[in-house]
Structures are given as structure tokens and as C-alpha cells.
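A look at the structure
Given next are the chains, with one letter for each unit.
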Amino acid sequence: MSDIVDLVGAASERIFSAMGTHAHVLVVGGAPELLERAVERVADLERRWSRFLPASDISRLNAAAGGTVAVSPETYLLVSRSVEACRLTDGLYDPTVLAALVAAGYDRSFTDPACAVHRVSDAPPAGAPSPGAAGIELEPTLRTVRLPVGVAIDPGGIGKGLAADLVVAELMASGAAGACVNLGGDVRVAGHAPTDLGWQLGVQDPVRPGSVVPVRLRDEAVVTSTRQLRRWQRAGKPFHHLIDPQTGRPATTAMHTVTIVAGQAWWAEVLAKVALVAPVPHALRLLHRAGVAALLADDEGRALELGDWSGRVLPS
């Protein structure tokens with residue numbers, strides 16, 4: 001994941017827990033209350049989007065059994081971005097993998113002390129292709145969503161990135177001179193950094209554990225995704241949370257960690273997930289087509305740089 005480093009000066013910041021992970025919000029300039037508003041906004045988006053909260057918009061959608069549901073503007077945006085991402089990645093990113101995630105054992109938050117993913121005795125699921133997002137109906141005027149019967153969505157592959165984008169945009173619109181939001185390794189920055197050195201972040205080196213790669217950002221995002229963190233065992237076999245929509249089971253590609261730099265965090269998160277799920281040649285073609293900077297690491301300890309990655313790395 002990515003961490004904000006060497007940020008000092010006329011800025012306020014808060015480190016807290018949200019969306020099942022660690023969060024870090026930093027605000028440069030603007031009214032003093034902007035920081036608190038940003039922290040509350042992250043919590044607000046979690047209440048709308050968490051599949052683990054029964055009253056969330058996502059839970060209501062998933063429980064509607066084919067019915068049409070009116071949702072908040074933020075949730076409508078989340079679902080529409082998810083459908084768009086599925087189309088742009090030829091289905092390699094698929095928000096309808098929830099049933100497969102639950103079947104694999106990821107049926108409650110990792111922050112839950114009774115988290116079911118720590119069970120080790122259950123037999124592995126058989127797996128089946130995910131239904132895909134083509135049947136999701138969006139009505140922009142009434143802001144309604146209808147999921148086909150038997151289809152449920154999981155915002156985990158896009159939600160933190162979109163939340164970081166939204167909170168940073170709102171901070172800037174409210175008068176901040178600069179802003180940085182980090183939600184579990186999904187980082188979005190904009191405006192002025194608190195030092196003349198610009199926005200500098202440390203991305204964990206996927207090849208050398210304990211080391212960081214210092215990178216510089218402008219008004220953009222950096223996202224890291226890995227199958228090395230949210231892992232568990234079932235029937236003696238390793239499982240993780242990155243589902244291959246074509247099989248309905250945890251992906252088995254050679255890549256274990258991917259970091260993407262892109263203009264928006266939601267898109268960087270989508271591409272990072274796809275690069276861990278798709279066959280490597282297909283993933284590389286997609287990243288080249290997207291024109292992003294990327295750092296990928298495989299199970300053999302090899303690193304691969306794409307796009308302008310080397311131009312982002314600061315001298316150590």
C-alpha cells in the first residue's frame with residue numbers, strides 16, 4: 001500500500017480507521033473544519049457503500065431481488081462507474097463477483113473479530129463464472145438501479161478509490177489549497193502539497209519487503225493492490241479476495257502486487273485489480289492501452305515497470 005511521507009508545513013491531518021482499512025486525510029490551507037468534514041465524509045460513504053452494513057445502499061440493492069431501488073447520488077455514481085469499468089476492461093473487472101467472494105469465505109469484514117475468512121475447515125467452493133454487469137439497469141433521471149434477479153454487487157474493487165476521488169474533489173471545492181486522501185493504499189492528491197517538494201509518497205517495494213519506492217504525484221492518484229494481505233486458508237489451500245470473474249474463484253496469475261498511477265483513483269484501482277486477475281499478456285495489453293504508469297511484481301521476485309513509472313520515482 002502507499003503511505004504519505006515527509007509531509008510537513010501548513011497542513012492538518014488525521015489517521016483513522018475506515019472502510020475496513022487504515023485511512024489518512026491531509027488538508028493544506030482552507031477552513032479549519034475541512035479536515036473534520038472530510039473524515040466524516042469518508043464515514044458517510046462507508047455507510048452508503050459497505051456490503052457489511054444491512055442498511056447501506058449496496059445492501060438494499062443486493063436484497064431487492066430484481067426490484068428497482070432509488071439510491072443516493074454517490075451510490076448511483078459508484079454503480080455507474082462499476083458498469084463502465086466492466087465494459088472498458090472487457091469484463092475482467094466485474095462488480096458482480098459478490099456471490100463468489102462469499103462462497104470463497106469472505107462473508108464479513110476483516111475488522112470483524114469473528115471474521116469467517118479465518119475458518120480453515122470448509123471445503124473450497126466449486127466456482128462458477130460471475131453473471132457480469134451487462135444486465136444492470138441505471139435510470140439517471142430518477143437515480144434508480146435495478147440488479148437482475150440473482151445478481152449482487154461488491155464495491156470492494158472500486159469503492160475506496162472513488163471515495164478518495166470524491167473527498168479530495170470536495171475539499172478542493174470547499175477552499176482547500178491542497179488535499180491528499182489515502183484509503184488503504186488508494187491515494188488521491190490535488191492542489192498544493194505542504195512543502196515545495198510537491199506530493200511525495202512512499203510506495204511499498206513489492207520485491208524488497210520493508211523498503212519503499214519514493215514517487216512524486218501531481219493532481220492524480222496512485223493505487224496498490226496485492227493478494228498478499230487479505231488471505232486465508234480453506235481445506236489447506238490458500239485463498240484471497242481477488243476473484244477471477246471467469247471462474248468464480250481466487251485468481252491464480254503470476255502477479256502478486258500491482259501499483260498504478262492514473263488520473264483518478266477509481267480507475268487506478270480497477271486497473272490494479274484487473275492486472276492481478278487477468279492472464280499476464282492480457283493485463284499488460286490493457287495497461288498499455290490505458291496509458292498509465294505501473295509497477296508490477298510476480299511470484300518469482302521480478303519487477304516490471306510500465307509507462308512513465310521510472311519518471312515518477314525520486315532519487316533515493
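Predicted model, so just to flag it, every value in this text is computed and none were measured. (Residues numbered from 1 in each chain as written. Predicted model: local features only at pLDDT ≥ 70, side-chain atom pairs only at ≥ 80, totals over all residues. Heavy atoms only, no water.)

Digging into the overall build of the chain
When its secondary structure is counted, the chain shows eight helices and 18 strands. Restricting the contact set of the chain to residue pairs at least 6 apart, pairs at least 24 apart contribute 64%. Here the chain displays about 13600 Å² of accessible surface, and carbon together with sulfur accounts for 54% of that area. (Helix = DSSP H or I, 4+ residues; strand = E, 2+ residues; numbered from the N terminus. Contact = heavy atoms within 4.5 Å. Areas by Shrake-Rupley, 256 points an atom, 1.4 Å probe, with all protein chains shown as cover.)

Considerations on the pattern of salt bridges
Summed over all chains, the structure comprises 18 salt bridges. With a shortest N-O distance of 3.9 Å, Lys160 and Glu269 are connected by a salt bridge. Of the two residues, Lys160 sits in helix α5 (residues 159-173) while Glu269 sits in helix α6 (residues 265-277), which places them 109 residues apart along the sequence. With respect to class, Lys160 is no different from Glu269; both count as buried. Of the charged contacts, one joins Glu269 and Lys273 as a salt bridge, the two residues approaching to 3.4 Å between their closest N and O atoms. Taken as a pair, Glu269 and Lys273 lie in helix α6 at a separation of four residues, close to a single helical turn. Taken individually, Glu269 and Lys273 each receive the classification buried, so the pair is uniform in this respect. Three or more residues joined by partner-sharing salt bridges are found here, namely Arg41, Asp44, Arg48, Glu74 and Glu170. (Salt bridge = Lys/Arg side-chain N within 4 Å of Asp/Glu carboxyl O. Buried < 20%, exposed > 50% of the residue type's maximum accessible area, 1.4 Å probe, protein only.)

Points about the side chain of Asp94
Mapped onto the secondary structure, Asp94 falls in the loop between α3 (73-88) and α4 (98-104). It is Arg51 that comes nearest to the buried, bridge-free Asp94 among opposite-charge side chains, at 13 Å. A polar contact is formed between the side chain of Asp94 and the backbone nitrogen of Gly132, at a distance of 3.5 Å. (Lys, Arg positive; Asp, Glu negative; His and termini not counted. Polar contact = N/O pair within 3.5 Å; in protein donor to acceptor, adjacent residues only side chain to side chain.)

Here's the deal with the confidence of the model for the chain
Low-pLDDT portions of the prediction should not be read for the details of their coordinates. Chain-level pLDDT for the chain is 86 on average; 84% of the residues reach the 70-or-more range. This stretch, residues 1-9, has a pLDDT under 50; its non-local contacts, to residues over four places away or in other chains, come to 36 contacts. (pLDDT = per-residue confidence, 0-100.)

Section: α5
A rise of 1.5 Å per residue sets the reference length of α5, with its 15 residues, at 21 Å; its end C-alpha atoms lie 21 Å apart and thus fit the reference within 8%. In terms of burial, α5 is largely enclosed, as 11 of its 15 residues are buried. Those residues of α5 lying buried are Gly159, Lys160, Gly161, Leu162, Ala163, Ala164, Asp165, Leu166, Val167, Val168 and Leu171. Packing partners of the buried residues in α5 comprise β3 (21-28), α1 (34-49), α3, β7 (178-183), β8 (186-191) and α6. Gly175 sits one or two residues past α5 and shows a positive phi near 110 degrees. (Expected span 1.5 Å × (residues − 1).)

A look at the nonpolar core
Across soluble globular proteins, nonpolar side chains have a tendency to be buried as a group. Counting residues in each nonpolar core, the largest one holds 69 residues, and the members touching the most others are Trp49, Leu61, Leu171, Ile260, Leu287 and Leu296. Take this core: its biggest share by element is 11 residues, from α6. With sequence-adjacent residues up to four places away left out, Leu287 is seen in contact with Ile260, Leu271, Ala275, Val292, Ala294, Leu296 and Leu306. (Core = buried A, V, L, I, M, F, W, Y, C linked by side-chain atoms within 4.5 Å.)

Focus: the sheet that holds strand β6 (residues 144-146)
Judged by pairing direction, the sheet is antiparallel, and its three strands sit side by side in the order β4-β6-β5 without closing on themselves. The sheet terminates laterally at β4 (68-70) and β5 (137-139), the two strands that pair on one side only. Adjacent strand axes in the sheet meet at a mean angle of 20 degrees, parallel and antiparallel pairs treated alike. For β5 and β6, the ladder comprises three bridges, and the chain directions are antiparallel. Considered in β6, the bridge of Glu139 is made with Thr144. Helix-sheet contacts for α3 involve β5 and β6, and the interaxial angle to β5 is about 135 degrees. (Pairing = 2+ DSSP bridges. Axes fitted to C-alpha atoms, helices over the stretch in contact; angles between N-to-C directions.)

Regarding the environment of Leu78
Turning to its location among the elements, Leu78 is positioned in helix α3. In this structure Leu78 comes out as buried when scored by relative accessible area, which is 1%. Separated by 80 residues in sequence, Leu78 and Ile158 place their C-alpha atoms 7.9 Å apart. Apart from residues lying up to four places away in sequence, Leu78 is in contact with Trp49, Ile58, Pro155, Ile158, Gly159 and Leu162.

Quick look at the sheet that holds strand β18 (residues 303-306)
Across the sheet, which stays open at both edges, the eight strands sit in the order β2-β3-β7-β8-β11-β16-β17-β18 with antiparallel pairing between neighbours. Of all the strands in the sheet, just β2 (11-18) and β18 have a single pairing partner and so form its edges. For this sheet the average axis-to-axis angle between neighbouring strands, irrespective of direction, equals 10 degrees. Relative to strand β17 (residues 293-298), strand β16 (residues 255-262) runs antiparallel, the two being bridged by six bridges.

Description of the side chain of Asp57
Tracing the backbone through its elements, the reader meets Asp57 in helix α2 (residues 57-63). Reaching out from Asp57, the side chain makes a polar contact with the side chain of Arg60 at a distance of 2.9 Å. Apart from residues no more than four positions distant in its own chain, Asp57 is found in contact with Arg47, Arg48, Val71, Ser72 and Thr75.

Here's the deal with the pairing of β17
Buried residues dominate β17, accounting for six of its six residues. Both faces of β17 are covered, namely the face carrying Ala293, Leu295 and Ala297 and the face carrying Ala294, Leu296 and Asp298. One ladder, built from four bridges, connects β17 with β18; its direction is antiparallel. From the neighbouring strand, Leu295 faces β18, where its bridge partner is Glu305. Linking β17 back to β18 in an antiparallel pair, the connection comprises four residues, with Gly301 at a positive phi of about 85 degrees.

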